[in-house]
Amino acid sequence: MNYKIEKRPDGSNLLTISGRLDTLSAAELEKGVRPLAEEPGPGLEIAIPELSYISSSGLRCFVLLFNGCKRAGVPLTVTGMQPSIREIFDLTGFSKVFGL
Amino acid sequence: MTPGLYLLEAPWRLTDAELQKGMAQLPGHRRLKAQAQLTPLGKRQSVSAWLLLRYALRRLGLVDDGEIVTGIAGKPAFADSSMPCFSLSHCRHAVACAVAATPVGVDVEDYESYCQEVAREVLSDTELASAEGNPRKFAELWTLKESLLKQTGEGLTENLRELLRHKPENLEFLTFHGNAPYALSICGIGGDISGLTPVFLSADELID
């Protein structure tokens, strides 16, 4: 799993996650994105076109960021999802949570 | 083999000196991972998790220098099958390590992770009745589900809502609430984890 956080000119953040977000790598991602959950800026986009696998621990990272944006009252969008990842989001109800 | 469940609460309390000392005591592959963490808390959680595993192994007369492999859902395990099974988890308030002779899953979750929208999607109607608006109960139920998924190591293959209802007969759970606002659940083969109680450790006990 790799991830990258970029600040856009308008101050919003772009988080790009790629590879396999499994139990082990989710723990790593969670540590890395916690500051983003605490200060998401005026908005957050999570781009996952190259995310190939997600575990329940990975979904926990999304909950962390969702809660952070909700607390801050800023929009969160998830973009570029592969069909296999969309299936997991549908299966777990996360599609509804993220308005997909 | 005697199973064990070990915890370090408030990993953020590790001082910089303790962090550096602990880091230096990790196996090389683990030290690189810990050093790569971007945040101070992340480094502390990473170091603490491995020191807890080392502590657990030492209690069994074993050392932690074996090769680690990962399963399909990323569940880590020792490549040497004679070594015990283990599971690690962390949240803001605690880091946990469980070891057992058979596959085991442990999960810790802060009460503050409560999210109403998620609760409505991942909990069954019965679970939701007790957990909606109740971060403590939500954390408990989330860790139960997550510990089950970590025990099986299979990843998400079914709806989270009914996950606990479909739990294999041979598995059992134990749940605890910590001294800080977090819940912990452990899932393992019935009999193997019965009566297990968490052992709370300090940084002094983990770092040589």
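K.L.:
Just checking my understanding: could you explain helix α3 (residues 40-59) of chain B for this structure?
P.N.:
An α-helix turns once every 3.6 residues. As a result, residues three or four positions apart point the same way. Residues and elements named next belong to chain B. Taking 1.5 Å of rise per residue, the 20 residues of α3 would be expected to cover 28 Å, and the 29 Å separating its terminal C-alpha atoms lies within 8% of that figure. Of all 20 residues that make up α3, 16 are buried, and the element is covered over most of its length. G61 sits one or two positions beyond α3 and adopts a positive phi of about 75°.

K.L.:
How should I be thinking about the pairing of strand β7 (residues 171-177) of chain B in this particular structure?
P.N.:
A regular strand places its side chains on the two faces of the sheet in alternate fashion. Residue and element names in this part refer to chain B. Pairing analysis gives seven bridges linking β7 to strand β8 (residues 182-189), with the strands arranged antiparallel. Bridged to E172 within β8 is G188. Counting the residues between successive antiparallel strands, the hairpin from β7 to β8 contains four residues.

K.L.:
Honestly, the packing of helix α1 (residues 23-38) of chain A against helix α2 (residues 56-72) of chain A in this entry has me stumped. Any pointers?
P.N.:
To describe two helices that pack against each other, one gives the angle between their axes and the distance between the axes. Residue and element names in this part refer to chain A. Axis separation between α1 and α2 bottoms out at 8 Å; the angle between their running directions is 10°. Comparing their axes, α2 and α1 come out roughly parallel. The segment α1 lies against α2, with T23, A26, L29, E30, V33, R34, L36 and A37 engaging S57, G58, R60, C61, L64, L65, G68 and R71. Among the residues making up the contact of α1 with α2, the classes are represented as eight nonpolar, four polar and four charged.

K.L.:
Help me understand the sheet that holds strand β1 (residues 4-9) of chain B, please; the structure alone is not making it clear to me.
P.N.:
Across a sheet, paired strands are connected by hydrogen bonds in the backbone, their directions being either parallel or antiparallel. Residues and elements named next belong to chain B. The four strands lie next to each other as β4-β5-β1-β9, forming an open sheet whose pairing is mixed. Of all the strands in the sheet, the pair left with one neighbour each is β4 (85-90) and β9 (199-201). Taken pair by pair, the neighbouring strands of this sheet meet at an average axis angle of 20°, ignoring direction. Of the pairings in the sheet, the one linking β1 to strand β5 (residues 94-100) comprises six bridges and is antiparallel in character. Each residue of the ladder has a partner; that of G4, found in β5, is V99.

K.L.:
In this structure, what is going on with the confidence of the model for chain B? I would like to understand it.
P.N.:
Detailed reading of the predicted coordinates is not advisable wherever pLDDT is low. Per-chain confidence: chain B averages 91 in pLDDT, with 100% of residues scoring 70 or above. Prediction confidence for the complex, expressed as pTM and ipTM, is 0.88 and 0.72 respectively.

K.L.:
Would you mind showing me how to read the packing of aromatic side chains here?
P.N.:
Aromatic ring pairs are reported here in terms of the distance separating the ring centres and the angle at which the planes meet. Here the structure, examined in full by the defined rule, presents eleven aromatic pairs over all chains. With 5.4 Å between their ring centres and 85° between their planes, Y114 of chain B and F138 of chain B make a pair best called edge-to-face. Placement of Y114 of chain B in the loop between β6 (104-110) and α4 (116-122) and of F138 of chain B in helix α6 (residues 135-152) is noted, with a sequence separation of 24 residues between them. Exposure remark for Y114 of chain B: the relative accessible area of 16% places this residue in the buried category. A network of ring pairs unites the aromatic residues F62, F66, F89, F94 and F98 of chain A as a single cluster.

K.L.:
Would you explain the side chain of K31 of chain A in this entry?
P.N.:
Tracing the backbone shows K31 of chain A in helix α1. With sequence-adjacent residues up to four places away left out, K31 of chain A is seen in contact with Q37, T39, G42, Q45, S46 and H90 of chain B.

K.L.:
Whenever I open this one, the pattern of salt bridges confuses me. Can you help?
P.N.:
Per the stated rule, a full pass over the model turns up 18 salt bridges over all chains. Salt-bridge contacts for K33 of chain B lead to E28 of chain A; the nearest nitrogen and oxygen are separated by 3.6 Å. In this pair, K33 of chain B is assigned in helix α2 (residues 28-36) and E28 of chain A in helix α1, connecting two distinct chains. Through salt bridges with shared partners, one network takes in E30, R34 and R60 of chain A together with D107 and E109 of chain B.

K.L.:
Before we go on, may I ask you to explain the sheet that holds β7 of chain B in this structure?
P.N.:
Residue and element names in this part refer to chain B. The sheet built from three strands is open, its strands ordered β6-β8-β7 with antiparallel pairing. At either end of the open sheet lies a strand with only one pairing partner, and these are β6 and β7. In this sheet, adjacent strand axes meet at a mean angle of 15° when their direction is disregarded. Its contacts with the sheet put α6 on β6, β7 and β8, and the angle it makes with β6 is roughly 155°.

K.L.:
Where do I start with the environment of N159 of chain B in this structure?
P.N.:
Mapped onto the elements, N159 of chain B comes out in the loop between α6 and β7. With 38 residues separating them in the primary sequence, N159 of chain B and E121 of chain B have C-alpha atoms 9.3 Å apart.

K.L.:
Help me understand the side chain of K75 of chain B in this model?
P.N.:
Locating K75 of chain B in the fold gives a position in the loop between β2 (68-70) and β3 (76-78). One polar contact links the side chain of K75 of chain B to the main-chain carbonyl oxygen of K150 of chain B, over a distance of 3.0 Å. Polar side-chain contacts of K75 of chain B include one of 2.8 Å to the backbone oxygen of Q151 of chain B. Not counting residues within four places of it along the chain, the set of residues in contact with K75 of chain B comprises T23 of chain A together with V69, T70, F86, P103, V104, K150, Q151 and G153 of chain B.

K.L.:
Honestly, the interface of chain A and chain B in this entry has me stumped. Any pointers?
P.N.:
Often, the extent of an interface is quoted as the loss of accessible area upon association of its parts. Opposite the 30 residues of chain A that make contact, chain B presents 41 residues. For the pairing of chain A and chain B, the buried interface totals around 2,700 Å² over both sides, and the portion due to carbon and sulfur atoms is 55%. If you look at where chain A meets chain B, you find ten residue pairs in polar contact (both at pLDDT 80 or more). Secondary structure elements with two or more residues in the side of chain A that touches chain B: α1, β4 (51-54), α2, α3 (83-92) and α4 (94-97) of chain A. Per-element tally for the side of chain A that touches chain B: the top contributor is α1 of chain A, with nine residues. Here the residues of the side of chain A that touches chain B sort into 13 nonpolar, seven polar and ten charged.

Analysis parameters
Residues numbered from 1 in each chain as written. Chains lettered and ligands numbered in written order. Predicted model: local features only at pLDDT ≥ 70, side-chain atom pairs only at ≥ 80, totals over all residues. Heavy atoms only, no water. Helix = DSSP H or I, 4+ residues; strand = E, 2+ residues; numbered from the N terminus. Expected span 1.5 Å × (residues − 1). Buried < 20%, exposed > 50% of the residue type's maximum accessible area, 1.4 Å probe, protein only. Pairing = 2+ DSSP bridges. Axes fitted to C-alpha atoms, helices over the stretch in contact; angles between N-to-C directions. Parallel < 35°, antiparallel > 145°, perpendicular 65-115°, else oblique. Contact = heavy atoms within 4.5 Å. Nonpolar A, V, L, I, M, F, W, Y, C, P; charged D, E, K, R; others polar. pLDDT = per-residue confidence, 0-100. Phe/Tyr/Trp six-rings, centres within 6.5 Å; stacked < 30°, edge-to-face > 60°. Salt bridge = Lys/Arg side-chain N within 4 Å of Asp/Glu carboxyl O. Polar contact = N/O pair within 3.5 Å; in protein donor to acceptor, adjacent residues only side chain to side chain. Buried area = accessible area lost by both parts, 1.4 Å probe.

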